[in-house]
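# Observations on the model geometry
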Amino acid sequence: MKTYRKTAVIVGILFIIGTVAGILSGVVTAPITSESTYPLNISASETQWLIGTLLILVMGFPLAMIPVLLYPVFKKHNEVLALGAVLFRGVLEMVCYLIPVIGQFLLLSVSQIYGTTEAGEAANLQALGSVLIAANDWSSLLLGLVFSIGGMMIYVLFYQTRLVPRWLSGWGFIGAILYFIAHLDGIFGSQQVLSFNSGLGFLMAPLAIQEMVFAVWMIVKGFNPSAIAALSAKKRLNEV
């Protein structure tokens, strides 16, 4: 039981680390992206830009580890769905985090090249930068779809196993559906930069709030002991 308690605490901490890192990444890079000369101005704030970029990785790795840590628990109930959660919320989601990281490194390179070329090349570099920005925006929307599909799998497993209260896992499942709808609308509505104030971005709020409530619950309460006992009994029964 101590092992399960430790797993729950680690999962809660990883949720918080990932969320805080994602927020900090946006805060750090916002002054750069808000300038009219963006992205050609990036090299003037290179360290700040690199910190913001690396914070995306600090966000991605902890969040991708969550389904991996939960897999040994979930597989006792439904191994296929548990593997699906690892695939979407772990592997594919991490790939989707790497795409904008590479994009931001390339944007820095474009800005550095701009600083060593003649003024006549500025238009070409600006066009290249715009393409890279668009690629990052589209990858963000794709990340939202992958993230929400993985979230649906995780919260279905939590709902079925009763490892956490059903109101909490049900909230997460509904929030993941709304999150998916918001990003799907972003793709087909050409709202490439999705925020809480744009398009159907407000639909992302329920899941954002739920995951922080969920993280605190994991740290303070952990898994339901009776649900853990039921899963262990089910595993022993299947092995007979």
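Since this is a predicted model, take the numbers as computed values, not measurements.

Looking only at helices and strands, one finds seven helices and zero strands in the protein. Order of helices (α) and strands (β) in the protein, N terminus to C terminus: α-α-α-α-α-α-α. Taking the principal axes of the C-alpha coordinates as reference, the protein spans close to 75 × 35 × 30 Å. When the 240 residues of the protein are sorted by exposure, 44% land in the buried category. Here the protein has roughly 11700 Å² of accessible surface; of this, 71% comes from carbon and sulfur atoms. A distance of 32 Å separates the average location of the 12 positive side-chain charges in the protein from that of its 10 negative side-chain charges.

So, on to the packing of aromatic side chains. Counted under the stated rule, the structure contains 10 aromatic pairs. Here the aromatic rings of Trp167 and Trp217 are separated by 6.0 Å at their centres, their planes lie at 90°, and the arrangement is edge-to-face. In this pair, Trp167 is assigned in helix 5 (residues 166–188) and Trp217 in helix 6 (residues 205–220), connecting sequence segments 50 residues apart. Pairwise contacts between aromatic rings join Phe15, Phe74, Tyr155, Phe158, Phe214 and Phe223 into one cluster. For Arg166, the ring lying beneath its charged end belongs to Tyr159, and the centroid distance is 4.1 Å.

With that settled, consider the nonpolar core. Note on soluble globular proteins: their nonpolar side chains tend to be buried together. Residues Phe15, Leu70, Phe74, Phe158, Leu163, Phe214 and Phe223 are the most contacted members of the largest nonpolar core, which totals 49 residues. Elements with a minimum of two residues in this core: helix 1 (2–33), helix 2 (46–74), helix 3 (79–114), helix 4 (122–161), helix 5, helix 6 and helix 7 (225–239). Per-element accounting of this core gives the leading share, 11 residues, to helix 2. Listed in part, the 11 residues of the second largest apolar core include Ile42, Trp49, Leu108 and Leu125.

Here the residue pair Tyr38 and Pro39 is connected by a cis peptide bond, since its omega of 10° sits within 30 degrees of zero. Tracing the backbone shows Pro39 in the loop between helix 1 and helix 2. Phi angles above zero are rare outside glycine, and Arg162 is one such case at about 60°. Of note, Arg162 is situated in the loop between helix 4 and helix 5.

What counts, and at which threshold
- Residues numbered from 1 in each chain as written.
- Predicted model: local features only at pLDDT ≥ 70, side-chain atom pairs only at ≥ 80, totals over all residues.
- Heavy atoms only, no water.
- Helix = DSSP H or I, 4+ residues; strand = E, 2+ residues; numbered from the N terminus.
- Buried < 20%, exposed > 50% of the residue type's maximum accessible area, 1.4 Å probe, protein only.
- Areas by Shrake-Rupley, 256 points an atom, 1.4 Å probe, with all protein chains shown as cover.
- Lys, Arg positive; Asp, Glu negative; His and termini not counted.
- Charge placed at Lys NZ, Arg CZ, Asp CG, Glu CD.
- Phe/Tyr/Trp six-rings, centres within 6.5 Å; stacked < 30°, edge-to-face > 60°.
- Lys NZ or Arg CZ within 6 Å of the ring centre and 35° of its normal.
- Core = buried A, V, L, I, M, F, W, Y, C linked by side-chain atoms within 4.5 Å.

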